[in-house]
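# Working through the structure, step by step
Residue-level listing of the chains:
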Amino acid sequence: MSLVEIATNPANVVTAAVAIASFATIMTLAAPALRGDKLDARMKSVAERREELRRRSRAALNSGKGEQATSTLRRTDEGTIKNIVDRLQLSRLLEDSSVVDKLAQAGYRGPRPVTTFYFFRLVTPFLLALIAVIYFYGLNGLNLPPATRLCAVVALFVGGYYAPNMYVKNKADKRRESIMHAFPDALDLLLICVEAGMSIEAAIQKVAGEVGGASIELAEELTLLTAELSYLPERRMAYEGLAKRTNHPGVKAVVTAMIQAERYGTPLGSALRVMAKENREMRIAAAEKKAAQLPAKLTVPMILFFLPVLFVVILGPSVMRGSDAFNHSGHYYKAPKR
């Protein structure tokens, strides 16, 4: 049997799909154990970026270029992908006003992730459609009718267009879930540090180091907030940047309280105490919501996987005994003589 026949055999395709799904499930379950401690590396990268900004800012002030030199503190993107995106004007053709915020929520900051996103949004549909055309038309995979082949190619083309958005959204949801899992505890630590007399920058930096074991993403965001508090012209911009990157109502409420506390001089400790309580209640409510949704989500898996096995275990012995009794009765039965 040739390789083409093996690849186009429906049974082999189903077997390969099951094997890939099983491998993905195992890797998903084992990912937390296999993932190393990346906290030190992430904190080191943020600290190096902060030192780089400080060094370049001092150089700009010493050179006397003023505010024009501060614009060079932003990162730039150069490379082949950048040239392709600029020549094809993909940022205008595939314009998305919220792509920067979406990528920031997923943990991708700077101009390079934006360029990469537009590039894959252009390439992925044609790549998947080309693979589908080669498989369904060139190799005659699965022996499908012509209309079904065309629908499959169109479906993969459309899916490829939305695949980058789905990937970014999935990363953002996982990152937000990790942040909100440890955010109430981080607020409690921040409250203790503030009431002990520490400044808000020192308190946030201290909390970032302590909360890294529970959520690397939250530690990274808090460290980035500390850097922005030092370099942005207004502290309000740093707080609002944290709210945009997390995109969660609990964080937005805390940011609003901190901005009002700095603007009107209200005690920050009382506001943090109230916000910590509200975020703990939101975490409990989210856990209760997931528990309430569990029976409905388990209905389809139980029908597809548990009930057939249960029927086989219960009815299997009875069917086997009945089959044996029928075979024995037919073996000893003799037709009457005429």
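Within each chain, residues carry numbers counting from 1 in the order of the written sequence. Given that this is a predicted model, residues contribute local features only at a pLDDT of at least 70 and side-chain atom pairs are listed and counted only at 80 or more, while totals for whole chains, interfaces and linings are drawn from all residues. Derived side-chain values reflect all non-hydrogen atoms in the structure, with water molecules and hydrogen atoms excluded from consideration.

The biggest cluster of nonpolar side chains holds 37 residues, and the ones touching the most others in it are Leu190, Ile200, Leu218 and Tyr239. The numbering of helices and of strands both runs from the N terminus, where a helix is a DSSP run of H or I of at least 4 residues and a strand a run of E of at least 2. Those elements that place two or more of their residues in this core are helix 9 (146-195), helix 10 (200-210), helix 11 (216-231), helix 12 (235-246), helix 13 (249-264) and helix 14 (268-332). Contact between two residues is taken to exist if any of their heavy atoms lie within 4.5 Å; hydrogens are not considered. If near-sequence neighbours (up to four positions away) are discounted, Leu218 is found in contact with Ile179, Ala182, Phe183, Ala186 and Val211. To qualify as a nonpolar core, a set must consist of buried Ala, Val, Leu, Ile, Met, Phe, Trp, Tyr and Cys residues joined through side-chain atoms within 4.5 Å. Exposure categories follow from relative accessible area, calculated using a 1.4 Å probe and restricted to protein chains: below 20% of the type maximum is buried, above 50% is exposed, and the middle band is partly exposed.

Okay, helix 8 (residues 111-138) next. What a helix should span is 1.5 Å times the count of its residues minus one. Here helix 8 contains 28 residues, and its C-alpha end-to-end distance of 39 Å stays within 8% of the 40 Å for a straight helix at 1.5 Å per residue. Two axes define the bend at a residue: one fitted to the seven residues ending there, one fitted to the seven starting there, and the bend is the angle between them. The largest bend along helix 8 reaches roughly 30 degrees and is located at Val123, with the proline Pro125 sitting one to four residues downstream. Immediately beyond the C-terminal end of helix 8, within one or two residues, lies Asn140, with a positive phi of roughly 55 degrees.

Cavity and pocket criteria rest on a 1 Å grid covering protein atoms alone: a 1.4 Å probe that fits but cannot get out defines a cavity, protein on both sides within 12 Å along at least 5 of 7 lines defines an open pocket, and an atom within 4 Å of a point defines a lining residue. Grid points are joined across faces, edges and corners, and a volume is the space filled by probe spheres set on the points. For the structure shown, the criterion picks out two cavities of 30 Å³ or more. A volume near 130 Å³ is recorded for the largest cavity. For this scheme, ten residues count as nonpolar: Ala, Val, Leu, Ile, Met, Phe, Trp, Tyr, Cys and Pro. Four count as charged, namely Asp, Glu, Lys and Arg, and the remainder, Gly too, count as polar. Residue composition of the lining of the largest cavity, by class: 15 nonpolar, no polar and no charged. For the second largest cavity, the calculated volume is near 30 Å³. Along the walls of the second largest cavity sit Asp96, Val99, Lys102, Leu103, Phe117, Asn165 and Val168, which together make up its complete lining. Elements with a minimum of two residues in the lining of the second largest cavity: helix 7 (99-105) and helix 9. At three residues, the largest contribution of residues to the lining of the second largest cavity is made by helix 7. Split into classes, the residues belonging to the lining of the second largest cavity amount to four nonpolar, one polar and two charged.

Every residue carries a pLDDT, the predictor's confidence in it, which falls somewhere between 0 and 100. With 78% of its residues at a pLDDT of 70 or more, the protein has an overall mean of 78. Below a pLDDT of 50 lies the segment residues 66-73, which in the model reaches seven contacts outside its immediate sequence neighbourhood of four places, other chains included.

Time to look at the packing of aromatic side chains. Pairs were defined over the aromatic rings of Phe, Tyr and Trp, the Trp ring being its six-membered one, requiring ring centres within 6.5 Å. Orientation was assigned from the angle between planes: stacked under 30 degrees, edge-to-face over 60, tilted for the rest. Within this structure, the stated rule accounts for five aromatic pairs. Centre to centre, the rings of Phe126 and Phe157 are 5.4 Å apart; their planes meet at 80 degrees, and the pair counts as edge-to-face. In this pair, Phe126 sits in helix 8 while Phe157 sits in helix 9, placing the two residues 31 residues apart along the sequence. We classify Phe126 as exposed; its relative accessible area is 52%. For the pair Tyr135 and Phe136, a centre-to-centre distance of 5.3 Å together with 80 degrees between the ring planes defines the contact as edge-to-face.

Below, the discussion takes up the packing of helix 9 against helix 13. In the contact formed by helix 9 and helix 13, the axes pass within 10 Å of each other and the chain directions differ by 30 degrees. Compared by their axis directions, helix 9 and helix 13 come out roughly parallel. Considering only the axes of helix 9 and helix 13, their crossing is left-handed. The segment helix 9 lies against helix 13, with Met180, Phe183 and Leu187 engaging Gly250, Val251 and Val254. Looking at the contact of helix 9 with helix 13, its residues break down into five nonpolar, one polar and no charged. Every axis in this analysis is a line fitted to C-alpha atoms, fitted for helices over the stretch in contact. Angles between the N-to-C directions lie between 0 and 180 degrees. The scheme is simple: roughly parallel for angles under 35 degrees, roughly antiparallel for over 145, roughly perpendicular for 65 to 115, oblique for anything else. By convention, the crossing between two helices is left-handed when the near helix turns anticlockwise from the far helix through less than a right angle, and right-handed when the turn is clockwise.

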